[in-house]
Amino acid sequence: MSKQIPVVIDTDTGVDDALALIIALKSPELLIHAVTTVAGNVEVEKCTRNVLAVLDRIGYAMPVVVAQGAGKPLRRELVTARDVHGRDGLGDRSLSRRVSKRRHAAHAVEVLLEACERYGRELAIIALGPLTNVALAWKRNPRALRNVRSIVTMGGAFRVAGNTGPVAEFNYYVDPEAARIVLRSGLPVVVVPLDVTEQVVLFRSELTGRASSVDRALLDFVSDATAHYMEYHSRSEGFDGCYLHDPIAVAAVIDPSMVTTREVLVDVETQGTLTRGMTLAYPREQRSGRKTHPHVAHRIDRERFLSLFHERLWR
Ligand code: BDR
Ligand code: CA
(Lines give C-alpha, C1' and ligand atoms only; values in the text may rest on other atoms or scores of the structure.)
(Ligands and ions follow the chains in the order given, each with its own letter.)
Protein backbone atom coordinates (compact mmCIF):
# COMPACT_ATOMS: atom_id res chain seq x y z
CA MET A 1 0.00 0.00 0.00
CA SER A 2 1.21 3.52 -0.70
CA LYS A 3 2.16 5.76 2.18
CA GLN A 4 -0.60 6.83 4.56
CA ILE A 5 -1.68 10.47 4.46
CA PRO A 6 -1.36 12.13 7.88
CA VAL A 7 -4.59 13.93 8.67
CA VAL A 8 -6.04 16.40 11.16
CA ILE A 9 -9.84 16.46 11.21
CA ASP A 10 -11.36 19.70 12.47
CA THR A 11 -15.01 19.14 13.32
CA ASP A 12 -18.14 20.61 14.92
CA THR A 13 -19.23 17.06 15.62
CA GLY A 14 -22.80 16.63 14.62
CA VAL A 15 -24.23 13.51 13.01
CA ASP A 16 -22.60 13.65 9.57
CA ASP A 17 -19.31 14.69 11.19
CA ALA A 18 -19.49 11.53 13.32
CA LEU A 19 -20.06 9.41 10.21
CA ALA A 20 -17.14 11.17 8.52
CA LEU A 21 -14.95 10.43 11.51
CA ILE A 22 -15.87 6.74 11.48
CA ILE A 23 -15.09 6.50 7.76
CA ALA A 24 -11.76 8.27 8.26
CA LEU A 25 -10.75 6.07 11.21
CA LYS A 26 -11.54 2.96 9.19
CA SER A 27 -9.66 4.02 6.06
CA PRO A 28 -6.15 2.59 5.78
CA GLU A 29 -5.13 5.37 3.36
CA LEU A 30 -5.30 7.89 6.24
CA LEU A 31 -3.32 8.25 9.43
CA ILE A 32 -5.52 10.22 11.82
CA HIS A 33 -3.06 12.24 13.86
CA ALA A 34 -5.55 14.52 15.62
CA VAL A 35 -9.17 15.50 15.82
CA THR A 36 -9.78 19.12 16.75
CA THR A 37 -13.15 20.60 17.60
CA VAL A 38 -14.85 23.87 16.83
CA ALA A 39 -18.21 25.32 17.85
CA GLY A 40 -20.86 24.94 15.16
CA ASN A 41 -23.60 22.35 15.10
CA VAL A 42 -23.49 22.43 18.92
CA GLU A 43 -21.31 24.06 21.59
CA VAL A 44 -17.66 23.08 21.39
CA GLU A 45 -17.62 21.05 24.64
CA LYS A 46 -20.36 18.83 23.21
CA CYS A 47 -18.46 18.47 19.93
CA THR A 48 -15.45 17.25 21.90
CA ARG A 49 -17.53 14.72 23.86
CA ASN A 50 -18.98 13.45 20.61
CA VAL A 51 -15.51 12.89 19.15
CA LEU A 52 -14.51 10.95 22.28
CA ALA A 53 -17.71 8.88 22.01
CA VAL A 54 -16.93 7.97 18.40
CA LEU A 55 -13.37 7.02 19.33
CA ASP A 56 -14.72 4.80 22.12
CA ARG A 57 -17.01 3.09 19.66
CA ILE A 58 -14.45 2.58 16.90
CA GLY A 59 -11.13 2.17 18.64
CA TYR A 60 -8.00 2.99 16.67
CA ALA A 61 -4.63 1.32 16.49
CA MET A 62 -2.72 4.59 16.97
CA PRO A 63 -3.16 7.27 19.66
CA VAL A 64 -5.31 10.13 18.38
CA VAL A 65 -4.93 13.61 19.89
CA VAL A 66 -8.35 15.16 20.62
CA ALA A 67 -8.07 18.92 21.18
CA GLN A 68 -10.78 21.47 21.77
CA GLY A 69 -10.77 24.74 19.85
CA ALA A 70 -12.79 27.89 19.34
CA GLY A 71 -16.00 28.17 21.36
CA LYS A 72 -17.40 30.88 19.10
CA PRO A 73 -16.85 32.38 15.65
CA LEU A 74 -14.19 35.05 15.09
CA ARG A 75 -16.50 38.05 15.39
CA ARG A 76 -20.02 36.78 16.00
CA GLU A 77 -22.14 34.94 18.46
CA LEU A 78 -22.50 31.22 17.87
CA VAL A 79 -25.48 29.94 15.88
CA THR A 80 -26.05 26.20 16.35
CA ALA A 81 -28.03 23.58 14.41
CA ARG A 82 -29.74 21.72 17.27
CA ASP A 83 -32.85 21.28 15.18
CA VAL A 84 -30.77 19.28 12.68
CA HIS A 85 -28.41 17.34 14.97
CA GLY A 86 -30.19 17.34 18.34
CA ARG A 87 -29.30 19.25 21.52
CA ASP A 88 -26.25 17.03 22.14
CA GLY A 89 -25.23 16.99 18.46
CA LEU A 90 -25.65 13.24 18.14
CA GLY A 91 -29.41 12.93 17.94
CA ASP A 92 -30.20 13.07 21.71
CA ARG A 93 -29.85 9.33 22.34
CA SER A 94 -27.25 9.78 25.11
CA LEU A 95 -24.52 8.35 22.89
CA SER A 96 -21.89 10.63 24.42
CA ARG A 97 -23.10 10.62 28.02
CA ARG A 98 -20.18 8.44 29.13
CA VAL A 99 -16.80 8.66 27.47
CA SER A 100 -13.65 6.87 28.54
CA LYS A 101 -10.94 9.07 27.02
CA ARG A 102 -9.90 12.62 27.78
CA ARG A 103 -9.10 15.48 25.54
CA HIS A 104 -5.60 16.90 25.19
CA ALA A 105 -4.81 19.98 27.27
CA ALA A 106 -3.57 22.05 24.31
CA HIS A 107 -5.84 24.27 22.21
CA ALA A 108 -6.88 22.99 18.78
CA VAL A 109 -4.97 25.79 17.03
CA GLU A 110 -1.70 24.72 18.70
CA VAL A 111 -2.33 21.11 17.74
CA LEU A 112 -3.06 22.11 14.15
CA LEU A 113 0.11 24.16 13.90
CA GLU A 114 2.22 21.43 15.51
CA ALA A 115 0.87 18.94 12.97
CA CYS A 116 1.78 21.36 10.14
CA GLU A 117 5.34 21.58 11.46
CA ARG A 118 5.60 17.84 11.98
CA TYR A 119 4.17 16.59 8.68
CA GLY A 120 4.64 19.59 6.34
CA ARG A 121 3.69 18.81 2.75
CA GLU A 122 2.23 15.44 3.65
CA LEU A 123 -0.50 16.80 5.93
CA ALA A 124 -4.16 17.02 4.90
CA ILE A 125 -6.48 19.12 7.06
CA ILE A 126 -10.12 18.12 6.72
CA ALA A 127 -12.36 20.90 8.05
CA LEU A 128 -15.92 19.73 8.63
CA GLY A 129 -17.27 22.73 10.49
CA PRO A 130 -16.96 26.53 10.58
CA LEU A 131 -13.41 27.54 9.63
CA THR A 132 -12.68 29.42 12.89
CA ASN A 133 -9.77 27.21 14.05
CA VAL A 134 -8.17 27.11 10.61
CA ALA A 135 -8.42 30.91 10.24
CA LEU A 136 -6.91 31.41 13.70
CA ALA A 137 -4.05 29.05 12.84
CA TRP A 138 -3.46 30.92 9.58
CA LYS A 139 -3.39 34.27 11.36
CA ARG A 140 -0.94 32.95 13.93
CA ASN A 141 1.44 31.20 11.54
CA PRO A 142 0.68 31.55 7.81
CA ARG A 143 3.99 29.96 6.86
CA ALA A 144 3.13 26.70 8.63
CA LEU A 145 -0.19 26.35 6.81
CA ARG A 146 1.26 27.32 3.44
CA ASN A 147 3.26 24.12 3.37
CA VAL A 148 0.46 21.59 3.83
CA ARG A 149 -0.72 19.17 1.17
CA SER A 150 -4.36 20.34 1.27
CA ILE A 151 -7.10 21.88 3.35
CA VAL A 152 -10.40 20.30 2.38
CA THR A 153 -13.37 22.28 3.66
CA MET A 154 -16.99 21.21 3.57
CA GLY A 155 -18.93 24.39 2.98
CA GLY A 156 -20.50 26.84 0.59
CA ALA A 157 -23.33 26.74 -1.93
CA PHE A 158 -22.63 28.06 -5.43
CA ARG A 159 -25.41 27.11 -7.84
CA VAL A 160 -27.80 25.57 -5.36
CA ALA A 161 -29.92 27.11 -2.60
CA GLY A 162 -28.43 27.48 0.85
CA ASN A 163 -29.38 25.28 3.78
CA THR A 164 -29.22 28.17 6.28
CA GLY A 165 -31.42 30.81 4.78
CA PRO A 166 -31.84 31.19 1.03
CA VAL A 167 -28.21 31.41 -0.08
CA ALA A 168 -25.78 30.32 2.64
CA GLU A 169 -24.48 26.94 3.68
CA PHE A 170 -24.35 26.37 7.47
CA ASN A 171 -20.56 26.21 8.09
CA TYR A 172 -19.84 29.42 6.23
CA TYR A 173 -22.97 31.12 7.60
CA VAL A 174 -21.80 30.50 11.17
CA ASP A 175 -18.37 32.06 10.66
CA PRO A 176 -18.28 33.96 7.36
CA GLU A 177 -15.21 35.98 8.37
CA ALA A 178 -13.22 32.79 8.95
CA ALA A 179 -14.42 31.27 5.69
CA ARG A 180 -13.42 34.45 3.83
CA ILE A 181 -9.92 34.42 5.36
CA VAL A 182 -9.31 30.79 4.43
CA LEU A 183 -10.79 30.94 0.93
CA ARG A 184 -8.83 34.09 0.05
CA SER A 185 -5.60 32.94 1.70
CA GLY A 186 -3.92 31.37 -1.33
CA LEU A 187 -3.55 28.13 0.64
CA PRO A 188 -4.13 24.82 -1.17
CA VAL A 189 -7.85 24.73 -0.40
CA VAL A 190 -10.40 22.26 -1.78
CA VAL A 191 -14.03 23.29 -1.25
CA VAL A 192 -16.74 20.63 -1.03
CA PRO A 193 -20.00 22.61 -1.26
CA LEU A 194 -23.67 21.67 -1.10
CA ASP A 195 -23.60 21.56 -4.92
CA VAL A 196 -21.97 18.12 -4.63
CA THR A 197 -23.01 16.96 -1.16
CA GLU A 198 -26.69 17.29 -1.97
CA GLN A 199 -26.25 14.92 -4.91
CA VAL A 200 -25.91 12.00 -2.48
CA VAL A 201 -28.52 10.62 -0.07
CA LEU A 202 -28.16 7.82 2.46
CA PHE A 203 -31.62 6.25 2.65
CA ARG A 204 -32.80 4.79 5.96
CA SER A 205 -33.68 1.55 4.18
CA GLU A 206 -29.98 1.11 3.31
CA LEU A 207 -29.18 1.00 7.02
CA THR A 208 -32.02 -1.25 8.12
CA GLY A 209 -31.33 -3.54 5.16
CA ARG A 210 -27.91 -4.33 6.61
CA ALA A 211 -29.16 -5.47 10.00
CA SER A 212 -28.19 -9.10 9.56
CA SER A 213 -24.83 -8.65 7.89
CA VAL A 214 -22.89 -6.09 9.93
CA ASP A 215 -21.45 -5.30 13.36
CA ARG A 216 -24.67 -4.96 15.38
CA ALA A 217 -23.24 -2.55 17.96
CA LEU A 218 -22.02 -0.19 15.24
CA LEU A 219 -25.32 -0.44 13.40
CA ASP A 220 -27.17 0.50 16.62
CA PHE A 221 -24.83 3.46 17.13
CA VAL A 222 -25.29 4.67 13.55
CA SER A 223 -29.08 4.12 13.61
CA ASP A 224 -29.42 5.97 16.94
CA ALA A 225 -27.18 8.81 15.83
CA THR A 226 -28.93 9.30 12.48
CA ALA A 227 -32.60 8.90 13.58
CA HIS A 228 -33.16 12.55 14.55
CA TYR A 229 -31.06 13.78 11.61
CA MET A 230 -33.13 11.69 9.19
CA GLU A 231 -36.39 12.96 10.71
CA TYR A 232 -35.13 16.48 10.05
CA HIS A 233 -34.43 15.60 6.40
CA SER A 234 -37.81 13.96 6.07
CA ARG A 235 -39.46 17.23 7.19
CA SER A 236 -37.25 19.62 5.26
CA GLU A 237 -36.25 17.65 2.15
CA GLY A 238 -39.07 15.14 1.86
CA PHE A 239 -37.04 11.90 1.77
CA ASP A 240 -36.45 9.20 4.35
CA GLY A 241 -32.70 9.47 4.69
CA CYS A 242 -30.00 12.08 5.08
CA TYR A 243 -27.24 13.93 3.30
CA LEU A 244 -23.64 12.88 3.86
CA HIS A 245 -21.99 16.29 3.62
CA ASP A 246 -18.95 15.66 5.79
CA PRO A 247 -18.15 12.06 4.74
CA ILE A 248 -17.81 13.36 1.17
CA ALA A 249 -15.05 15.73 2.29
CA VAL A 250 -13.20 12.76 3.81
CA ALA A 251 -13.71 10.72 0.63
CA ALA A 252 -12.19 13.59 -1.38
CA VAL A 253 -8.93 13.04 0.53
CA ILE A 254 -9.02 9.23 0.37
CA ASP A 255 -9.61 9.38 -3.38
CA PRO A 256 -9.45 12.87 -4.94
CA SER A 257 -10.80 11.51 -8.24
CA MET A 258 -14.14 10.98 -6.50
CA VAL A 259 -14.93 14.67 -7.12
CA THR A 260 -14.26 16.93 -10.10
CA THR A 261 -12.96 20.35 -9.13
CA ARG A 262 -12.34 23.68 -10.81
CA GLU A 263 -9.81 26.26 -9.62
CA VAL A 264 -11.70 29.50 -9.19
CA LEU A 265 -11.51 32.77 -7.27
CA VAL A 266 -14.04 32.60 -4.44
CA ASP A 267 -15.31 35.17 -1.99
CA VAL A 268 -17.65 34.98 0.99
CA GLU A 269 -20.23 37.63 1.88
CA THR A 270 -19.62 39.05 5.35
CA GLN A 271 -21.54 42.34 5.16
CA GLY A 272 -24.96 41.31 3.94
CA THR A 273 -27.83 40.70 6.30
CA LEU A 274 -29.86 38.44 4.02
CA THR A 275 -26.75 37.06 2.29
CA ARG A 276 -24.39 36.44 5.25
CA GLY A 277 -22.04 33.54 4.42
CA MET A 278 -22.99 33.36 0.75
CA THR A 279 -20.20 32.01 -1.50
CA LEU A 280 -19.48 33.74 -4.81
CA ALA A 281 -17.28 32.41 -7.58
CA TYR A 282 -15.58 34.57 -10.18
CA PRO A 283 -15.09 32.13 -13.06
CA ARG A 284 -13.76 34.80 -15.44
CA GLU A 285 -11.00 35.85 -13.07
CA GLN A 286 -8.54 33.20 -14.11
CA ARG A 287 -5.35 32.56 -12.23
CA SER A 288 -3.49 35.78 -11.71
CA GLY A 289 -0.22 33.89 -11.73
CA ARG A 290 0.48 35.20 -8.26
CA LYS A 291 -2.05 33.39 -6.16
CA THR A 292 -3.59 29.94 -5.96
CA HIS A 293 -7.38 29.91 -5.84
CA PRO A 294 -9.52 27.27 -4.14
CA HIS A 295 -10.38 24.13 -6.06
CA VAL A 296 -14.17 23.93 -5.88
CA ALA A 297 -15.88 20.57 -6.37
CA HIS A 298 -18.79 20.65 -8.81
CA ARG A 299 -19.31 16.99 -9.61
CA ILE A 300 -19.19 13.75 -7.63
CA ASP A 301 -19.18 10.12 -8.66
CA ARG A 302 -22.19 9.22 -6.53
CA GLU A 303 -22.10 5.44 -6.98
CA ARG A 304 -18.39 5.20 -6.27
CA PHE A 305 -18.75 7.38 -3.19
CA LEU A 306 -21.65 5.38 -1.75
CA SER A 307 -19.87 2.12 -2.33
CA LEU A 308 -16.74 3.45 -0.56
CA PHE A 309 -18.92 4.82 2.28
CA HIS A 310 -20.63 1.49 2.97
CA GLU A 311 -17.50 -0.57 2.50
CA ARG A 312 -15.59 1.56 5.04
CA LEU A 313 -18.43 1.94 7.52
CA TRP A 314 -19.10 -1.76 7.88
CA ARG A 315 -15.65 -3.27 7.35
C1 BDR B 1 -22.67 21.26 7.16
O2 BDR B 1 -23.33 21.87 8.27
C3 BDR B 1 -23.38 20.98 9.34
O4 BDR B 1 -24.63 20.98 9.95
C5 BDR B 1 -22.98 19.64 8.82
O6 BDR B 1 -22.29 18.92 9.82
C7 BDR B 1 -22.10 19.94 7.65
O8 BDR B 1 -20.77 20.14 8.04
C9 BDR B 1 -23.66 21.12 6.03
O10 BDR B 1 -24.13 22.39 5.66
CA1 CA C 1 -19.98 19.49 10.25
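From a predicted model like this one, the values you see are computed outputs, not experimental measurements.

1. Describing the overall build of the protein chain
Right, on to step 1. Counting its secondary structure elements, the protein chain contains 13 helices and 12 strands.
Right, on to step 2. Seen through its principal axes, the protein chain has C-alpha atoms that stretch 55 × 40 × 40 Å.
Right, on to step 3. The buried share of the protein chain, taken over its 315 residues, is 58%.
Right, on to step 4. For the protein chain, long-range pairs separated by at least 24 residues make up 83% of all intrachain contacts whose partners lie at least 6 apart in sequence.
Right, on to step 5. Surface exposure of the protein chain reaches about 13300 Å², of which carbon and sulfur atoms provide 47%.
Right, on to step 6. Mean positive and mean negative side-chain charge positions of the protein chain (41 and 37 charges, respectively) differ by 4 Å.

2. Quick notes on the sheet that holds strand β2 (residues 30-37)
Right, on to step 1. Spatially, the eight strands line up as an open sheet ordered β3-β2-β1-β4-β5-β6-β12-β9, and their pairing is mixed. Of all the strands in the sheet, the pair left with one neighbour each is β3 (65-68) and β9 (259-263). Going across the sheet, the axis of each strand differs from the next one's by a mean of 25°, ignoring polarity.
Right, on to step 2. In the sheet, strand β6 (residues 189-192) pairs with strand β12 (residues 295-300) via two bridges, with the strands oriented parallel. Counted as the bridge partner of V190 is H295 from β12.
Right, on to step 3. Along the sheet face, helix α4 (residues 108-119) touches β1 (5-11), β2, β3 and β4 (124-127) and points at about 155° away from the line of β2.

3. A look at the side chain of D88
Right, on to step 1. As for its placement among the helices and strands, D88 is situated in the loop between α3 (82-85) and α4.
Right, on to step 2. Within the buried set, D88 has no salt-bridge partner at all; the shortest N-O distance to an opposite charge, 7.7 Å, is to K46.
Right, on to step 3. Each residue touching D88, except ones within four places of it in the same chain, is listed here: V42, K46, N50, R93, S94 and S96.

4. A few points about the pairing of β3
Right, on to step 1. Sheet topology note: the β2/β3 ladder contains four bridges and is parallel. Its bridge partner being in β3, T37 is matched across the sheet by Q68.
Right, on to step 2. A crossover connection joins β2 to the parallel β3 through helix α2 (residues 44-58); in handedness this β-α-β unit is right-handed.

5. Comments concerning helix α12 (residues 245-254)
Side chains of residues three or four places apart in an α-helix project in the same direction, reflecting 3.6 residues per turn.
Right, on to step 1. Across the 10 residues of α12, 10 count as buried, placing the element largely inside the fold.
Right, on to step 2. All of the buried residues along α12 are H245, D246, P247, I248, A249, V250, A251, A252, V253 and I254.

6. Some words on the side chain of N171
Right, on to step 1. Take N171: it is sitting in helix α7 (residues 170-174).
Right, on to step 2. Residue N171 is classed as buried on the basis of its relative accessible area, which comes to 3%.
Right, on to step 3. In terms of polar contacts, N171 uses its side chain to reach the backbone carbonyl oxygen of M154, at 2.9 Å.
Right, on to step 4. Apart from the residues within four sequence positions on either side, N171 is in contact with D12, L128, G129, P130 and M154.

7. A look at the site of ligand 1
Right, on to step 1. In the region of ligand 1, the neighbouring residues are D16, D17, N41, H85, L128, M154, N163, E169, F170, N171, H245 and D246.
Right, on to step 2. N171 is positioned such that a nitrogen or oxygen atom in its side chain is 3.1 Å from an oxygen atom of ligand 1.
Right, on to step 3. In isolation ligand 1 offers 280 Å² of accessible surface; the protein chains occlude 96% of this area.
Right, on to step 4. In a pocket analysis with a 2 Å cut-off to the grid points, ligand 1 is assigned to the largest pocket.
Right, on to step 5. At the level of elements, α1 (15-25), α7 and α12 are the ones that each hand at least two residues to the shell around ligand 1.
Right, on to step 6. Partitioned by chemical class, the residues of the shell around ligand 1 number three nonpolar, five polar and four charged.

8. Thoughts on the packing of α2 against helix α11 (residues 216-236)
Right, on to step 1. Between α2 and α11, the least distance of the axes is 11 Å, while the angle of their chain directions is 160°. One finds that α2 runs roughly antiparallel with respect to α11. As α2 runs across α11, the sense of the crossing is left-handed. Of the residues in α11, those touching α2 at V54, R57 and I58 are A217, L218 and F221.
Right, on to step 2. Of the residues belonging to the contact of α2 with α11, the class tally is five nonpolar, no polar and one charged.

9. A few points about the coordination of the calcium ion (ligand 2)
Right, on to step 1. At the metal site, the calcium ion (ligand 2) is ligated by D12 (OD), D17 (OD), D17 (OD), L128 (O) and D246 (OD), and these contacts range over 2.3 to 2.6 Å.
Right, on to step 2. Going along the chain, you hit the donors of the calcium ion (ligand 2) in the pattern D-x4-D-x110-L-x117-D. Taken together, the residues L128 in the loop between β4 and α5 (132-140) and D246 in helix α12 connect sequence positions 118 residues apart. Exposure class is identical for L128 and D246. Each is buried.

Conventions we followed
Residues numbered from 1 in each chain as written. Chains lettered and ligands numbered in written order. Predicted model: local features only at pLDDT ≥ 70, side-chain atom pairs only at ≥ 80, totals over all residues. Heavy atoms only, no water. Helix = DSSP H or I, 4+ residues; strand = E, 2+ residues; numbered from the N terminus. Buried < 20%, exposed > 50% of the residue type's maximum accessible area, 1.4 Å probe, protein only. Contact = heavy atoms within 4.5 Å. Areas by Shrake-Rupley, 256 points an atom, 1.4 Å probe, with all protein chains shown as cover. Lys, Arg positive; Asp, Glu negative; His and termini not counted. Charge placed at Lys NZ, Arg CZ, Asp CG, Glu CD. Pairing = 2+ DSSP bridges. Axes fitted to C-alpha atoms, helices over the stretch in contact; angles between N-to-C directions. Salt bridge = Lys/Arg side-chain N within 4 Å of Asp/Glu carboxyl O. Right-handed = clockwise from strand over helix to strand, strands pointing away. Polar contact = N/O pair within 3.5 Å; in protein donor to acceptor, adjacent residues only side chain to side chain. Near = heavy atom within 4 Å. 1 Å grid on protein atoms, 1.4 Å probe; cavity = no way out; pocket = protein on both sides within 12 Å on 5 of 7 lines; lining within 4 Å. Sits in = over half its atoms within 2 Å of the grid points. Nonpolar A, V, L, I, M, F, W, Y, C, P; charged D, E, K, R; others polar. Parallel < 35°, antiparallel > 145°, perpendicular 65-115°, else oblique. Left-handed = near helix turned anticlockwise from the far one by under 90°. Donors = N, O, S within 2.8 Å, 3.2 Å for Na, K, Ca; no water.

In short, shape yes, function no, at least from these values alone.
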